[in-house]
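Commentary on secondary and tertiary structure
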Protein chains: 2
Amino acid sequence: MGSLADISERAGVSIATASRVLNGSKHPVSAAMRERVLNAAAELGYAPSFAARALVTGRTPIVGVIVGDIVDPYFAHIARGVEHVAGRLGYLTMLSSAHRSTEAEIRHLRALRATQARGVIFASSGYTDDPHRQELQQAVDEARESGARVLTLAHRELDCPSVTFDSRAAAYDITDYVVSLGHRRIAFVDGPKGLFTSLERCAGYEAAMAAAGLDPLRFEGGFEYEAGYDAAQHIAAAGPLPDAIIGVNDDVAIGIVMGLRSAGIEVPERVSVAGINDTRPAAYTGLTTVSAPLYELGLTAARIVLAEKGADEPSDKVLPHQLVPRSTTRRAN
Amino acid sequence: MGSLADISERAGVSIATASRVLNGSKHPVSAAMRERVLNAAAELGYAPSFAARALVTGRTPIVGVIVGDIVDPYFAHIARGVEHVAGRLGYLTMLSSAHRSTEAEIRHLRALRATQARGVIFASSGYTDDPHRQELQQAVDEARESGARVLTLAHRELDCPSVTFDSRAAAYDITDYVVSLGHRRIAFVDGPKGLFTSLERCAGYEAAMAAAGLDPLRFEGGFEYEAGYDAAQHIAAAGPLPDAIIGVNDDVAIGIVMGLRSAGIEVPERVSVAGINDTRPAAYTGLTTVSAPLYELGLTAARIVLAEKGADEPSDKVLPHQLVPRSTTRRAN
DNA sequence: TTGTAGGCGTTATCAT
DNA sequence: ATGATAACGCCTACAA
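Residues numbered from 1 in each chain as written. Chains lettered and ligands numbered in written order. Predicted model: local features only at pLDDT ≥ 70, side-chain atom pairs only at ≥ 80, totals over all residues. Heavy atoms only, no water.

Applying the stated criterion across every chain yields a total of 26 salt bridges over all chains. Between A:Arg10 and A:Glu43 there is a salt bridge, with its nearest N and O atoms 2.4 Å apart. On the criterion of sequence distance, the pair formed by A:Arg10 in helix 1 (residues 4–11) and A:Glu43 in helix 3 (residues 31–44) is long-range, its members being 33 residues apart. Between B:Arg280 and A:Asp251 there is a salt bridge whose closest N-O contact spans 4.0 Å. Of this pair, B:Arg280 sits in helix 12 (residues 280–285) while A:Asp251 sits in helix 11 (residues 250–262), placing the two residues on different chains. Using a relative accessible area of 17% as the deciding quantity, one classes B:Arg280 as buried. Connected through salt bridges with shared partners, the residues A:Asp190, A:Lys193, A:Arg218 and A:Glu220 form a single ionic network. (Salt bridge = Lys/Arg side-chain N within 4 Å of Asp/Glu carboxyl O. Helix = DSSP H or I, 4+ residues; strand = E, 2+ residues; numbered from the N terminus. Buried < 20%, exposed > 50% of the residue type's maximum accessible area, 1.4 Å probe, protein only.)

Structural data, given as structure tokens:
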């Protein structure tokens, strides 16, 4: 393996000297010594032990990202953003999936703390009336006390800084856009029950409908493709068809499109469909949606968490979103 | 924070005793002592330091997964499989994306080794004539020497065990299926140049074509949606339309579908399209494809890497794949 | 400019 | 059954 001790021996210098040249200390070292140490290190393939270093510095060059579901492109985009700046700063990004369970999040957070990670980024939204909220908050407090920086990328009842975008406004905007297309009967397929993100998006939808003097038409759903597909089947089989349907996210919206088409209903000819987030599959499928600043969320979060000095404790940032009209919506005739 | 020392003091026992009860040592400890230690630990919110533990045991409860691209659902499925068993075994899964660069892979591997991770799983395929192959192999050797278990989930010229599925056969099977539908002019949109996976899939396609007495028709591509889209545009604009097009993976195939449709060419009415992998988006879009055992790859890999004893060094496993006909292909008329 | 030595939190080896 | 104590690899005053 090769430790500092091995190197110092091989180079005929003290451990201290070896350490100094190998970790860019500003303590002066003669060129000759430096040379010898560097050679020895190269020959032995020296790699500093994170453990030993962490033991004395109290930190590890790791930033944790806790997501709800790795397969969900929503989180993939965020993770990419984090990785981009983390890598550039010499940090390792540690991604872990909590399967939308607060308990799993707590476990991961604790593990990350035990690792002495520099910081932890929560990418998922929280639940209203979460029975584990208290415990999570406590775990977060412990992590922060031990020096870790904790950040949230969505609405949670957590006492810690956040970087987000306005989900409610995003839903409002897409709804408003669909209204502007001349549609009247506009349905909304909701997300998982009790998740803040679902609530906010639904609220945005309802607000836009109310502003247009229209009655809301809400259906149960989820965050995955299947939820949209099932809802569409249901809608197709039930009463009169709506003019348009908005999914709580892209995957659901795509599910809606597929469900509708499988029922012989053309999109957008008979029903317009739109999503929220603008993840990759939305581009694939030509889905009209709202672009959420996912990648930027990751970028920004990582920058804050990995900042040299925790100086400018940034209260709460909100990044902008943007409407992306594509081909699953069309003007009402 | 609370260290073993704090606890032992508070409980009025030795550090050794505290350690014994807190880490499930099989060394006997009286009920009374145990009780006191447990209480003290609870009161102080004790959490063992991974660093200190790693320093003495030489290992960290971490399993690294190095993927080519987090956003690619191919890797997401694998990662999920790994996480499933790792979590269950008390390990942390550390996902890192190498952006399909061998150099980045080397960096990540080194970092993982420095972390003293239990094992490292390479999810990406390798390049032929990789200028960094030598260096990678060396990094792998170093990692293995230092006790880490290294595993590969795709073809690479690396001296280390692997768990894979037969990409060539998968491509052969899907091609054969399309042939069986009665199509003759069948094109193939290839993956990134020089990647083993691309080569194998293309070879499988060509073999099936040859077996059917058909001439292959290959187009440059990549692994992402855009590659398929562009290729489709090109194909649509160029000569006579093929009867069917096979994409090197699902994303490319979906890109082909969208590209074709945007050029006014109906799928599957005029051209059939198929992919490989059966990732989530394939289900979304009703794509005919071959189901690759991605999740199972992750499961199996994690089980091997995290096995108690490295006893049954399993040479090389190959998992089965399966044809999944859906709605982007139809019988020739 | 170089070296010595203490300590970080655990585990494991030896006593007791 | 319990307790000292020596590592583990590194950083960092402090000394020379």
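What follows continues from the structure just given.
Mapping one chain copy onto the other needs a rotation about an axis and a shift along that axis. When chain B is fitted onto chain A, the two copies agree to an RMSD of 0.1 Å after a turn of 180° and an axial shift of 0.1 Å. Such a turn and shift between the copies fits a two-fold axis. The fraction of interface residues of chain B whose copies in chain A are also interface residues reaches 100%, indicating that both copies meet through the same surface. (Least-squares fit on C-alpha atoms with pLDDT ≥ 70 in both. Contact = heavy atoms within 4.5 Å.)

All names here are of chain A. Ordered in space as 7-6-8-9, the 4 strands form an open sheet in which the pairing is parallel. Looking at the sheet topology across the chains shown, the edges are occupied by strand 7 (217–219) and strand 9 (272–274). Taking the axes of each pair of neighbouring strands and ignoring which way they run, one obtains an average angle of 20° across the sheet. Sheet analysis places strand 8 (residues 244–247) next to strand 9, joined by 3 bridges and oriented parallel. The partner of alanine 244 across the bridge, within strand 9, is serine 272. Lying on the sheet, helix 11 is in contact with strand 6 (186–189), strand 8 and strand 9; it crosses strand 8 at an angle near 145°. (Pairing = 2+ DSSP bridges. Axes fitted to C-alpha atoms, helices over the stretch in contact; angles between N-to-C directions.)

What follows is about the protein's contact with DNA strand D. As a structural note, the neighbourhood of DNA strand D is formed by 25 residues, with A:Leu4, B:Arg20, B:His27, B:Pro28 and B:Ser30 the closest of them. When atoms of DNA strand D within 4 Å of the protein are sorted by moiety, sugar and phosphate together comprise 67%. For DNA strand D, a base nitrogen lies 2.5 Å from a polar atom in the side chain of B:Arg20. When residues of the surface near DNA strand D are traced back to their parent elements, those giving at least two are helix 2 (15–22) and helix 4 (50–57) of chain A together with helix 2 (15–22) and helix 4 (50–57) of chain B. For the surface near DNA strand D, the element with the highest residue contribution is helix 4 of chain A, accounting for 4 residues. Counted by class, the surface near DNA strand D contains 14 nonpolar, 8 polar and 3 charged residues. (Near = heavy atom within 4 Å. Polar contact = N/O pair within 3.5 Å; in protein donor to acceptor, adjacent residues only side chain to side chain. Nonpolar A, V, L, I, M, F, W, Y, C, P; charged D, E, K, R; others polar.)

The next thing to look at is the packing of helix 8 (residues 167–180) of chain B against helix 9 (residues 196–211) of chain B. Residues and elements named next belong to chain B. Running from amino to carboxyl end, helix 8 crosses helix 9 at an angle of 40°, the nearest separation of the two axes being 7 Å. Judged by the angle between their axes, helix 8 and helix 9 are oblique. In this structure, the crossing between helix 8 and helix 9 has a hand that is right-handed. Each of Ser167, Arg168, Ala171, Tyr172, Thr175 and Asp176 in helix 8 lies in contact with helix 9, whose residues at this interface are Thr197, Glu200, Arg201, Ala203, Gly204, Tyr205, Ala207, Ala208, Met209 and Ala211. (Parallel < 35°, antiparallel > 145°, perpendicular 65-115°, else oblique. Left-handed = near helix turned anticlockwise from the far one by under 90°.)

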